[in-house]
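Listed here are the chains, written in short residue letters.
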Amino acid sequence: MQRRKFLHTTGKSALGLSLLGLAAACANEPGTGDSATEVASTEDMLSGEVAKWFDISLAQWSLHKMLRGGEMDNLDFAGMARNTFGVGGIEYVNQFFKDKATDSDYLKEMQKRAMDADVKSLLIMIDREGDLGDTDKKARMQAVENHYKWIDAAKYLGCHSIRVNAAGEGSREEVAKAATEGLATLSEYGKERDINVIVENHGGYSSDGQWLAGVIKGTGMDNCGTLPDFGNFCVERNNPEKWEDGCKTEYDRYRGVEELMPFAKAVSAKAYDFDAAGLVTETNYAKMMKIVQDAGYKGWIGIEYEGNGLTEKEGIKKTIEVLQQFGGRLG
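Notes on the structure follow. (Residues numbered from 1 in each chain as written. Predicted model: local features only at pLDDT ≥ 70, side-chain atom pairs only at ≥ 80, totals over all residues. Heavy atoms only, no water.)

### A closer look at the pattern of salt bridges
To keep it simple, the criterion reads: Definition used for salt bridges: Asp or Glu carboxyl oxygen within 4 Å of a side-chain nitrogen of Lys or Arg. Strands here are runs of E lasting at least two residues and helices are runs of H or I lasting at least four, both read from the DSSP assignment and numbered beginning at the N terminus. In this scheme, a residue with accessible area under 20% of its type's maximum is buried, one over 50% is exposed, and one in between is partly exposed, where area comes from a 1.4 Å probe on protein chains only.
Under the definition given, this model contains 22 salt bridges. With its nearest N and O atoms 3.6 Å apart, the salt bridge here joins Lys270 to Glu304. In this pair, Lys270 sits in strand β9 (residues 267-271) while Glu304 sits in strand β10 (residues 300-305), placing the two residues 34 residues apart along the sequence. Taking relative accessible area as the criterion, Glu304 reaches 4% and is therefore assigned buried. Sharing partners across several salt bridges, the network here consists of Asp229, Lys270, Glu304 and Glu306.

Next up, the structure:
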């Protein structure tokens, strides 16, 4: 689970050359497109003043070690996003205030902290509230109902969405049917409150871009969409109980993001490690950002640093620098 001014004139040149090399090297990978197009896109993005076309937000999970270690409190998140990183949008994680969904006093304080810091509360990422793709209808409906309070909390905080998971056990077809029904029901509740229900590729079937796109389309709800994550494309793990054992089957991340972008209402820029030039090593951002831009997306792109090589604060700052090279602006 992973996320320094180093770029002046010469740094920008070095970065451009490195990105061009990455684009050319990856041109023949599945789903990555024509090499000439990739190179031209990188040149356009990095030549002169880059046009600002999206806003940079901060996903709270980028600070999960500090939060879990007691180095910071959930209520400090908004202030840190603005004062430490200059970021104007935040994405909460319910795990860090899991017993406060219906606590109006606590939510009011969260809202006040965000207003005082002049940051926008964008969404809440929801975990551990049951499987929306459970093939058992009773269990699935309980999971749907468990999410209602988070839609209400998101509405109170001024968010546009909650991020959920399309998880379940069974065959590909069985879970798709169940997840479509579960998401549609939850989205109906969200629509009444003007809140989107968005699904992240987050392991299992949901990390299959084609599968998840089909599920979202099947709901028939315009407030049900996706949150494409640049890095969560492990369909099958070597050991589901021990994530550190690695991935057995991985879906092509570029193809996956391309398939999910038509339904995107948020985007997650995952980063783990950086090379000497400051580039993210596991994802070719030249390719990935082109896919996002070509989809016509102009919303927020959230930083989700999950690396171990840097402190969480250092990793967030480096990811900001990378995103700024592709048109990201700090709100």
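### Structural notes on the packing of helix α5 (residues 104-117) against helix α6 (residues 137-157)
Which entries qualify depends on this criterion: Angular values range over 0 to 180 degrees, each being the angle between N-to-C directions of two axes fitted as lines to C-alpha atoms, with helices fitted over their stretch in contact. When an angle is under 35 degrees it counts as roughly parallel; over 145 it counts as roughly antiparallel; between 65 and 115 it counts as roughly perpendicular; any other value is oblique. With the far helix as reference, a near helix turned anticlockwise by less than a right angle produces a left-handed crossing, and one turned clockwise produces a right-handed crossing. By definition, residues are in contact when any of their heavy atoms lie within 4.5 Å. Residue polarity is assigned by list, with Asp, Glu, Lys and Arg as charged and Ala, Val, Leu, Ile, Met, Phe, Trp, Tyr, Cys and Pro as nonpolar; anything else, Gly included, falls into the polar class.
Between α5 and α6, the least distance of the axes is 9 Å, while the angle of their chain directions is 40°. As judged from the angle between their axes, α5 and α6 are oblique. Of the two elements, α5 crosses α6, and the hand of that crossing is right-handed. Where α5 abuts α6, its residues Ser104, Leu107, Lys108, Met110 and Gln111 lie against Ala153, Tyr156 and Leu157. Along the lines of polarity and charge, the residues of the contact of α5 with α6 split into 5 nonpolar, 2 polar and 1 charged.

### Remarks on the pairing of strand β5 (residues 196-200)
Let me state the cut-off plainly: The criterion for strand pairing is that DSSP finds at least two bridges linking the strands in question. Looking down the strands as they point away from the viewer, one classifies a crossover as right-handed if the path from the first strand across the helix to the second runs clockwise.
Burial runs high along β5: 5 of the 5 residues are buried. By the alternation rule, side chains of β5 split into Asn196, Ile198 and Glu200 and Val197 and Val199, which are all buried. Relative to β5, strand β4 (residues 161-164) is paired through 4 bridges, and the arrangement is parallel. Of the residues in β5, the one forming a bridge with Arg163 is Ile198. Chirality of the crossover, the property in question, places the unit of β4, helix α7 (residues 172-192) and β5 among those that are right-handed. Bridging between β5 and strand β6 (residues 224-227) involves 4 bridges; their strand directions are parallel. From the neighbouring strand, Glu200 faces β6, where its bridge partner is Leu227.

### Concerning the packing of aromatic side chains
Any pair of aromatic rings gets described here by the distance separating the centres and the angle formed by the planes. We apply this condition: Stacked, tilted and edge-to-face are the three classes applied to pairs of Phe, Tyr and Trp rings, where Trp contributes its six-membered ring and a pair requires centres within 6.5 Å; stacked means planes under 30 degrees apart, edge-to-face means over 60, and tilted covers the rest.
Here the structure, examined in full by the defined rule, presents 10 aromatic pairs. Arranged with centres 6.0 Å apart and planes meeting at 75°, the rings of Tyr92 and Phe97 form a pair that is edge-to-face. With relative accessibility at 2%, the residue Phe97 sits in the buried group. Judged by centre distance (4.0 Å) and plane angle (15°), the ring pair of Tyr148 and Tyr189 falls under stacked. On the criterion of sequence distance, the pair formed by Tyr148 in helix α6 and Tyr189 in helix α7 is long-range, its members being 41 residues apart. Of the residues examined, Tyr148 reaches a relative accessible area of 21% and is grouped as partly exposed.

### Some points on the state of the cysteines
Heads up, the rule is: The disulfide criterion used throughout: a pair of cysteine sulfur atoms within 2.5 Å.
Counted according to the given criterion, the structure contains 1 disulfide. Note that Cys234 is cross-linked by a disulfide to Cys247, the S-S spacing being 2.3 Å. Residues Cys234 and Cys247 are joined through a disulfide that is right-handed, its torsion about the S-S bond being 105°. Here the residue Cys234 occupies a position in strand β7 (residues 234-237), and Cys247 occupies one in strand β8 (residues 247-250), the gap between them amounting to 13 residues.

### Some details on the packing of α7 against helix α8 (residues 209-219)
One way to put it is that α7 packs onto α8 with a least axis distance of 8 Å and a crossing angle of 40°. With respect to each other, α7 and α8 are oriented oblique. Crossing handedness for the pair α7 and α8: right-handed. Note on element contacts: α8 touches α7 through Gln210, Trp211, Val215, Ile216, Gly218 and Thr219, opposite Arg172, Val175, Ala176, Ala179, Thr180, Leu183 and Ala184. Its residues assigned to classes, the contact of α7 with α8 shows 8 nonpolar, 4 polar and 1 charged.

### Observations concerning the environment of Ala264
Along the chain, the position of Ala264 falls in the loop between α9 (253-260) and β9. Residue classification places Ala264 among the buried positions, given a relative accessible area of 17%. C-alpha of Ala264 to C-alpha of Ile198: the two residues are 66 residues apart in sequence and 7.9 Å apart in space. The contacts of Ala264, once residues within four sequence positions are left out, are Thr226, Pro228 and Tyr297.

### Remarks on the environment of Ser57
We apply this condition: The term polar contact refers here to a pair of N or O atoms within 3.5 Å; inside protein, the definition further demands a hydrogen-donor-capable atom paired with an acceptor-capable atom, and it admits residues adjacent in sequence only when both atoms are side-chain atoms.
Locating Ser57 in the fold gives a position in strand β1 (residues 54-59). Between the alpha carbons of Ser57 and Glu304 there is a distance of 9.3 Å; along the sequence they are 247 residues apart. Excluding anything up to four places from it in sequence, Ser57 contacts Val87, Gly89, Ile90, Glu91, Leu122, Trp300, Ile301, Gly302 and Ile303. For Ser57, the side chain forms a polar contact with the main-chain nitrogen of Gly302, separated by 3.4 Å.

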